[in-house]
Amino acid sequence: MDVSSVSEGAGLRAASRNDFGALGRLVRHEGLLDRRYGYYAVKISLTLLAFAGGCAAFVLLGDSWWQLVTAVFFAVMFAQVAFLGHDAGHNQVFRTGRANDRAGYAFGGIVGMSYGWWMGKHTRHHANPNHEGDDPDIDIPLLAFTRGQTEHKSGFVRWTSKHQAALFFPLLLLEGLSLHWAGIQAVWRGEVKTRWLEAVLLSAHVVVYLGAVFVVLSPPVALAFIAVHQGLWGVYMGCSFAPGHKGMPTYTDKTELDFLRKQVLSSRNVQGRRWVDFTLGGLNHQIEHHLFPSMPRANLRRAQPLVRAFCAEHGIDYAQCGLLKTYHYVLQHLHEVSAPLRVAGAPAR
């Protein structure tokens, strides 16, 4: 659905650009943009300690099929480390951009992702969420997130788009490998600012990861470990990012929205207790995060009722629902968008 098709009652009435400024003053008055050094000191320490403990368990367990359990553990830990990299990329952790970038490169090196590549991609997403043509997160060759995208599908990608609702979760099994490969390509092509640093970090990750797996494990167990670990990490990452925007309205250059409405109307929150905050790395507060990207993760829950009340006061739709319901909306949207491809006799390009 295009934002331009949403009725005036949904919050797209003419509005002053001062609305976001007023909301920003409320947020700052509550101290919600202040750094949370203590929180991140504990969060980072516990995450790295758990990661190190998993590495020790991996070595001690040795060549055993029980290592598939540690593969599941490391899928979770890779996602948790990636969430910390996400926070650092948004300057949530430290006061200066340089300190945050250093942390981001370190976290990226641990999980084998190019921090520079991800920063460029994610910055464009935040600038134009769900914008057809400008948001790289809805420009995925194997899928179609708008009716306009279905018109340009052909061959194999037309088939995957045609059945994308059924294939969505299976395709996420490849997301981890996709994140690795996209970063490697960006570094190889010189599309990142610190090319040599990232080349060293990614190379070190590959050597240490594959070296540890094939030294400790026999080839069959090693291959099974990699498949389980990388596949589940991809599913975890995809299931963490998809609820925030997929199935929400999209828009084009013809749609005129101020910053506040562009961010709120294209985003969805996931309701739940603090375990949801932990599981989704704070991305369950997608609306607050998109309005204030540098807000520390620990403050997002406190900001939520304030932002929701402000949106209600200004007649702006504020979307939120439970975790499982979000996946229902995502799959429903994918099914509806691909409907023209399933029409009998639809021309193939």
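Residue numbering note: each chain is counted from 1, following its sequence as written. Only residues with pLDDT of at least 70 get local features here, since the model is predicted, and only at 80 or more are side-chain atom pairs given and counted; chain-wide, interface and lining totals rely on the full set of residues. As a rule here, side-chain values cover all heavy atoms of the structure and leave hydrogens and water aside.

This brings us to the layout of surface pockets. A cavity here means a set of 1 Å grid points, computed over protein atoms only, where a 1.4 Å probe fits but cannot escape. A pocket is an open set with protein on both sides within 12 Å along at least 5 of 7 lines, and lining residues have an atom within 4 Å of a point. Grid points are joined across faces, edges and corners, and a volume is the space filled by probe spheres set on the points. Here the largest pocket defines a volume of roughly 1200 Å³. Along the wall of the largest pocket there are 48 residues; nearest its centre are Lys121, Ile140, Glu175, Ser178 and Leu179. Think of it this way: any DSSP run of H or I at least four residues long counts as a helix, any run of E at least two long counts as a strand, and we number them from the N terminus. Broken down by secondary-structure element, the contributors of at least two residues to the lining of the largest pocket are helix 3 (67-89), helix 4 (97-111), helix 5 (115-127), helix 8 (164-172), helix 9 (175-188), helix 11 (219-245) and helix 14 (286-291). Top contributing element to the lining of the largest pocket by residue count: helix 5, with eight residues. Classification used: nonpolar for Ala, Val, Leu, Ile, Met, Phe, Trp, Tyr, Cys and Pro, charged for Asp, Glu, Lys and Arg, polar for all others including Gly. Looking at side-chain class alone, the lining of the largest pocket contains 26 nonpolar, 14 polar and eight charged residues.

Attention now moves to the environment of lysine 121. Tracing the sequence through the fold places lysine 121 in helix 5. Type-normalised accessible area, obtained with a 1.4 Å probe on protein chains alone, sets the label of each residue: buried when under 20%, exposed when over 50%, and partly exposed for intermediate values. Of the residues examined, lysine 121 reaches a relative accessible area of 23% and is grouped as partly exposed. Along the sequence, lysine 121 and aspartate 137 sit 16 residues apart, while their C-alpha atoms lie 8.1 Å from each other. The contact rule is simple, with two residues in contact once any of their heavy atoms fall within 4.5 Å. The residues contacting lysine 121, other than those within four sequence positions of it, are Pro136 and Asp137.

Basic side-chain nitrogens of Lys or Arg form a salt bridge, by our definition, when they fall within 4 Å of a carboxyl oxygen of Asp or Glu. Per the counting criterion, the structure on display carries six salt bridges. Arginine 261 is the salt-bridge partner of aspartate 19, the closest N and O atoms lying 3.0 Å from each other. Separated by 242 residues along the polypeptide, aspartate 19 in helix 1 (residues 18-29) and arginine 261 in helix 12 (residues 259-265) bring together distant segments of the chain. Considered together, aspartate 19 and arginine 261 belong to a single accessibility category, that of buried residues. Three or more residues joined by partner-sharing salt bridges are found here, namely Asp19, Asp258 and Arg261.

Turning to its location among the elements, leucine 217 is positioned in the loop between helix 10 (195-216) and helix 11. Taking the relative accessible area as the measure of exposure, leucine 217 reaches 4% and is therefore buried. The sequence separation of leucine 217 and tryptophan 65 amounts to 152 residues, and the corresponding C-alpha distance is 9.1 Å.

Residues annotated by UniProt as "transmembrane region" (unreviewed entry) correspond here to residues 37-59, 65-83, 103-120, 165-184 and 196-217. From the first C-alpha to the last, residues 65-83 spans 29 Å; its make-up is 89% helix and 0% strand. The span residues 196-217 carries 95% helix and 0% strand; its end-to-end C-alpha distance comes to 31 Å. UniProt positions are given in the numbering used here, feature names are shortened, and annotations may be inferred rather than shown by experiment.

One non-glycine residue, asparagine 91, adopts positive backbone phi at about 60°. When its relative accessible area of 31% is taken as the criterion, asparagine 91 is described as partly exposed. In the Ramachandran plot, asparagine 130 falls in the positive-phi region, its phi being about 60° despite a non-glycine side chain. One can find asparagine 130 in the loop between helix 5 and helix 6 (147-150).

Looking now at the nonpolar core. We call a set of buried Ala, Val, Leu, Ile, Met, Phe, Trp, Tyr and Cys residues a nonpolar core when their side-chain atoms join them within 4.5 Å. One finds Met113, Trp117, Val213, Leu217, Phe225 and Trp233 to be the most contacted residues of the largest nonpolar core, which totals 39 residues. Broken down by secondary-structure element, the contributors of at least two residues to this core are helix 2 (37-61), helix 3, helix 4, helix 5, helix 9, helix 10 and helix 11. The dominant element in this core, judged by the number of residues it contributes, is helix 3, at 11 residues. Apart from the residues lying within four places of it in its own chain, the contact partners of valine 213 are Phe58, Ala222, Phe225 and Ile226. Leu23, Leu257, Leu291 and Ile316 belong to the second-largest nonpolar core, a separate cluster that totals 19 residues.

As a further point, take the packing of aromatic side chains. Pairing of aromatic rings covers Phe, Tyr and Trp, the last through its six-membered ring, and needs centres within 6.5 Å; plane angles under 30 degrees mean stacked, over 60 mean edge-to-face, and all others mean tilted. In the structure shown here, the tally under the stated rule is 13 aromatic pairs. Members of the aromatic cluster, each reached through a chain of ring pairs, are Phe51, Phe73, Phe74, Phe78 and Trp233. Sitting over the face of the ring of phenylalanine 145, lysine 246 holds its NZ or CZ atom 5.3 Å from the ring centroid. We count a charge as sitting over a ring when the NZ of a lysine or the CZ of an arginine lies within 6 Å of the ring centre and within 35 degrees of the ring normal.

Between the N-to-C directions of two axes lies an angle of 0 to 180 degrees, each axis being a line fitted to C-alpha atoms and, for a helix, fitted only over the stretch in contact. At a minimum axis separation of 6 Å, helix 9 and helix 11 run at an interaxial angle of 90°. One finds that helix 9 runs roughly perpendicular with respect to helix 11. Packed against helix 9, whose contacting residues are Glu175, Gly176, Leu177, Leu179 and His180, the element helix 11 presents Gln230, Trp233, Gly234 and Met237 at the interface. A class-by-class count of the residues in the contact of helix 9 with helix 11 yields four nonpolar, four polar and one charged. With respect to orientation, any angle under 35 degrees is reported as roughly parallel, any angle over 145 as roughly antiparallel, any angle of 65 to 115 as roughly perpendicular, and every other angle as oblique.

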